[in-house]
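Observations on the model geometry
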Amino acid sequence: MQQLSATQLKEWLTASTPAGGSGGSPARRPPLLLDVREPWEFELCHLADSLLLPMQSVPARIDELERDADIVVICHHGVRSRQVGGFLERQGFTSIYNLSGGVDAWANDVDPAMHKY
Ligand SMILES: O=S(=O)([O-])[S-]
């Protein structure tokens, strides 16, 4: 599992195109932003276009995820996301990233307007 800082993720999202950079562009596809916090936490704040799949529900809903997609796992501070990322890798997922510091780091380093808790 690779660790990704909030600023690295911001750069990735800014540089990427949904089509993955057609026309010879080197831009990568945007990753799937997988938020594994609880619904009440997600309501307080989340990254745009992220998918909420609370940690406990991941095993039952794993088939909703593509095994070869770039997936950035997100939580509050980066602990739960690391656990879920390890689980996904053991299930055969090939491109898992952990957002280091979670949404808290995102609020500190990228989006000061984001609600903190
Ligand atoms: O969200 S957390 O597990 O890092 S506190």
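Residues numbered from 1 in each chain as written. Predicted model: local features only at pLDDT ≥ 70, side-chain atom pairs only at ≥ 80, totals over all residues. Heavy atoms only, no water.

By the naming in an unreviewed UniProt entry, the protein is Thiosulfate sulfurtransferase GlpE, taken from Accumulibacter regalis.

**Things to note about the packing of aromatic side chains**
Taken as a whole, this structure holds 2 aromatic pairs when the rule is applied. With 5.0 Å between their ring centres and 70° between their planes, W12 and Y97 make a pair best called edge-to-face. A residue pair is termed long-range when its members are at least 10 positions apart, and W12 in helix 1 (residues 6–15) and Y97 in strand 5 (residues 96–99) qualify at 85 residues. Centroid distance W40 to Y117: 5.9 Å. Interplanar angle 70°. Geometry classified as edge-to-face. In this pair, W40 sits in helix 2 (residues 39–44) while Y117 sits in the segment after helix 5 (102–109), placing the two residues 77 residues apart along the sequence. (Phe/Tyr/Trp six-rings, centres within 6.5 Å; stacked < 30°, edge-to-face > 60°. Helix = DSSP H or I, 4+ residues; strand = E, 2+ residues; numbered from the N terminus.)

**Comments concerning the site of the ligand**
Taken together, the residues surrounding the ligand are C75, H76, H77, G78, V79 and R80. One of the backbone nitrogen or oxygen atoms of H76 is found 2.9 Å away from an oxygen atom of the ligand. The contact in question runs from an oxygen atom of the ligand to an N or O atom on the backbone of G78, over 3.1 Å. For the ligand, the protein covers 79% of the area, taking 210 Å² as the surface of the free molecule. Residues that form the shell around the ligand fall into these classes: 2 nonpolar, 3 polar and 1 charged. (Near = heavy atom within 4 Å. Polar contact = N/O pair within 3.5 Å; in protein donor to acceptor, adjacent residues only side chain to side chain. Areas by Shrake-Rupley, 256 points an atom, 1.4 Å probe, with all protein chains shown as cover. Nonpolar A, V, L, I, M, F, W, Y, C, P; charged D, E, K, R; others polar.)

**Details of the side chain of E41**
Examined against the element boundaries, E41 turns out to sit in helix 2. A distance of 2.9 Å separates polar atoms of two side chains, one belonging to E41 and the other to R80. When neighbours within four sequence positions are excluded, E41 is seen to be in contact with H76, R80 and Y117. (Contact = heavy atoms within 4.5 Å.)

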